[in-house]
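Chain residues, written in single-letter form:
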Amino acid sequence: MNISIITVGKLKEKYLKLGIAEYTKRLSAYAKVQEIEVADEKAPEHLSEADMILVKQKEGERILAKISPDTHMIALAINAKQRTSEEFARELDNLATYGKSKIAFVIGGSLGLSDDVMKRSDDTISFSKMTFPHQLMKLVLCEQIYRAYRINRNEPYHK
């Protein structure tokens, strides 16, 4: 399985980098994981609705340029369906079973994902109704992917 984690913006916080590095190292026993960061669009603090759409469109174009047509894309979105860890594990296992060897998880910037990115998505997932910094979501996603592989192989992992 080839997994890409595509995020908007550069991760700067050392503690998050260390956590993500730990989980991607653990994941290497199960899958090839690639981290892809696309540039965030510089924007002032207060934006009009039109400016927000424009920022998301520009970031979305950068995201979509990194995804090949044969990649199964899953967008992280606050209003998407929430799953248990076991359900998520089962879905990843089903993707592998049915020949989806390339998966891209997409985490948008502070304004979220563009309509074009959402339309390209094959699936969406939400980890909570709460809002989290997108950099922190990358760490949470890595941990949940690792947990899914452990669940699918009936390997011990804390509950």
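The structure this text deals with has already been given above.
A brief report on the enclosed structure follows. (Residues numbered from 1 in each chain as written. Predicted model: local features only at pLDDT ≥ 70, side-chain atom pairs only at ≥ 80, totals over all residues. Heavy atoms only, no water.)

Attention now goes to the packing of helix H1 (residues 14-27) against helix H5 (residues 134-152). Interhelical geometry of H1 versus H5 gives an angle of 20 degrees and a closest axis separation of 9 Å. Here H1 is positioned roughly parallel relative to H5, judged by the angle of their axes. For the element pair H1 and H5, the recorded crossing hand is left-handed. Residues Leu16, Gly19, Ile20, Tyr23, Thr24, Arg26 and Leu27 of H1 lie in contact with H5, whose contacting residues are Gln135, Leu136, Lys138, Leu139, Cys142, Glu143, Ile145, Tyr146 and Tyr149. When its residues are assigned to classes, the contact of H1 with H5 shows 10 nonpolar, three polar and three charged. (Axes fitted to C-alpha atoms, helices over the stretch in contact; angles between N-to-C directions. Helix = DSSP H or I, 4+ residues; strand = E, 2+ residues; numbered from the N terminus. Parallel < 35°, antiparallel > 145°, perpendicular 65-115°, else oblique. Left-handed = near helix turned anticlockwise from the far one by under 90°. Contact = heavy atoms within 4.5 Å. Nonpolar A, V, L, I, M, F, W, Y, C, P; charged D, E, K, R; others polar.)

Let us now look at the pairing of strand E4 (residues 102-107). The buried fraction of E4 is high, at five of six residues. Judged from the six bridges that link them, strand E1 (residues 2-8) and E4 form a sheet pairing that is parallel. Pairing of isoleucine 6 across the sheet is with valine 106, part of E4. The sheet contact formed by strand E3 (residues 72-76) and E4 spans four bridges and is parallel. Residue pairing across strands places methionine 73 opposite alanine 104, the latter belonging to E4. Read as a crossover between parallel neighbours, the route from E3 over helix H3 (residues 85-97) to E4 is right-handed. (Buried < 20%, exposed > 50% of the residue type's maximum accessible area, 1.4 Å probe, protein only. Pairing = 2+ DSSP bridges. Right-handed = clockwise from strand over helix to strand, strands pointing away.)

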